[in-house]
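Structure assessment
One-letter residues, chain by chain:
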Amino acid sequence: MFKRIKELREKNKYSITDISKYLKMPNPKYILYENGTLEPTIAVLSKLAKLYNTSIDYIIGDTDEFVPHKKNL
C-alpha cells in the first residue's frame, strides 16, 4: 500500500506538499504514510482514491486494476 501511495503521487506529478495540503495535514504526517510508518485512515484512502480516480482496493493492493469500481446507487 505504501509503495502505491508514493507511486500514484509521483506518477501524477504531485509534491508531498501538494498532497498534504489536499489532505489538510502537515507534510511530516503524510510522509509517514509513504514510508509505511503510519497507516492511513479510511477517510484518507477515500480522498486519495478520488484524487487519483482509482479505488481504495487498488491503493491497498487488493487489486491490480487501476480503474475504479462502479458505484452502487
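Computed from a prediction, not measured in an experiment: that's the story for all the values here. (Residues numbered from 1 in each chain as written. Predicted model: local features only at pLDDT ≥ 70, side-chain atom pairs only at ≥ 80, totals over all residues. Heavy atoms only, no water.)

1. Notes on helix α4 (residues 42-52)
- All of the buried residues along α4 are V44, L45, L48, A49 and Y52. The buried residues of α4 occupy an angular sector of 135 degrees when the element is viewed end-on, so they sit on one face. Exposed and oriented more than 90 degrees from the buried face of α4 are I42 and K50.
- Positive phi shows up at N53, right after α4, with a value of about 55 degrees. (Buried < 20%, exposed > 50% of the residue type's maximum accessible area, 1.4 Å probe, protein only. Helix = DSSP H or I, 4+ residues; strand = E, 2+ residues; numbered from the N terminus. Arc of directions from axis to C-beta.)

2. Some thoughts on the nonpolar core
- Counting 14 residues, the largest nonpolar core has I19, L23, M25, Y30, V44, L48 and I59 as the members making the most contacts within it.
- Among the secondary structure elements, those contributing two or more residues to this core are α1 (2-11), α2 (16-23), α3 (27-34), α4 and α5 (56-60).
- Considering every element that reaches this core, the biggest residue donor is α4, with five residues.
- With near-sequence residues (within four places) excluded, V44 lies in contact with L23, M25 and Y33. (Core = buried A, V, L, I, M, F, W, Y, C linked by side-chain atoms within 4.5 Å. Contact = heavy atoms within 4.5 Å.)

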